[in-house]
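Structural overview for review
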Amino acid sequence: MCHAPMRNCQPQSYDQRTKEVRDKPPANLSLKQRLVLKVFGKVYLRHEKRQGWKHALPIYLTKCPIHGYFEDYPHGWEGYFQCPQCWKIIRVEG
Ligand SMILES: [Zn+2]
């Protein structure tokens, strides 16, 4: 039973991918997107409207230092991202 939702309650073996795979940006990124990702630490992918959302939100690709790349929309008014696996908050300038 997990009593600490903000902590990483998953066993370390949860992410079966190797570090090389996790640290590789998705193959469908354009050269320009890869550049933006490298320089700014995040890159805009698309706008997406999910169930319960009033408006479409921008989806970015950013990176968790432990779990590698993930897609997320900016949270809160400062627009941070949160790794879906360890809930680590990723703050990217800009
Ligand atoms: Zn993570």
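Presented here is a report on the structure given in the accompanying data block. Note that this is a predicted model, so its numbers are computed, not measured.

Thresholds, definitions, all that
Residues numbered from 1 in each chain as written. Predicted model: local features only at pLDDT ≥ 70, side-chain atom pairs only at ≥ 80, totals over all residues. Helix = DSSP H or I, 4+ residues; strand = E, 2+ residues; numbered from the N terminus. Buried ≥ 20, exposed ≤ 12 C-beta atoms within 10 Å, placed from the backbone. Contact = placed C-beta atoms within 7 Å. Pairing = 2+ DSSP bridges. Axes fitted to C-alpha atoms, helices over the stretch in contact; angles between N-to-C directions.

A few words on the environment of Leu29. Assignment of secondary structure puts Leu29 in the loop between α1 (19-22) and α2 (31-40). Along the chain, Leu29 and Val43 lie 14 residues apart, while their C-alpha atoms are 9.6 Å from each other.

Looking now at the environment of Phe70. Assignment of secondary structure puts Phe70 in strand β3 (residues 68-72). Owing to 17 C-beta atoms within 10 Å, Phe70 belongs among the partly exposed residues under this scheme. Residues Phe70 and Pro26 lie 44 residues apart in sequence; the distance between their C-alpha atoms is 9.4 Å. Once residues lying within four places of it in the same chain are set aside, the contact partners of Phe70 are Thr62, Cys64, Cys83 and Pro84.

The subject of this paragraph is the sheet that holds strand β1 (residues 42-48). Paired through their backbone hydrogen bonds, the strands of a sheet run either parallel or antiparallel. Strand order in this open sheet of three strands is β1-β2-β3, and the pairing throughout is antiparallel. Two strands bound the open sheet, and with one partner strand each, they are β1 and β3. The mean inter-strand angle of the sheet, taken between neighbouring strand axes irrespective of direction, is 25 degrees. Direction of pairing for β1 relative to strand β2 (residues 57-64): antiparallel, over a ladder of six bridges. Within β2, the residue paired with Glu48 across the bridge is Leu57.

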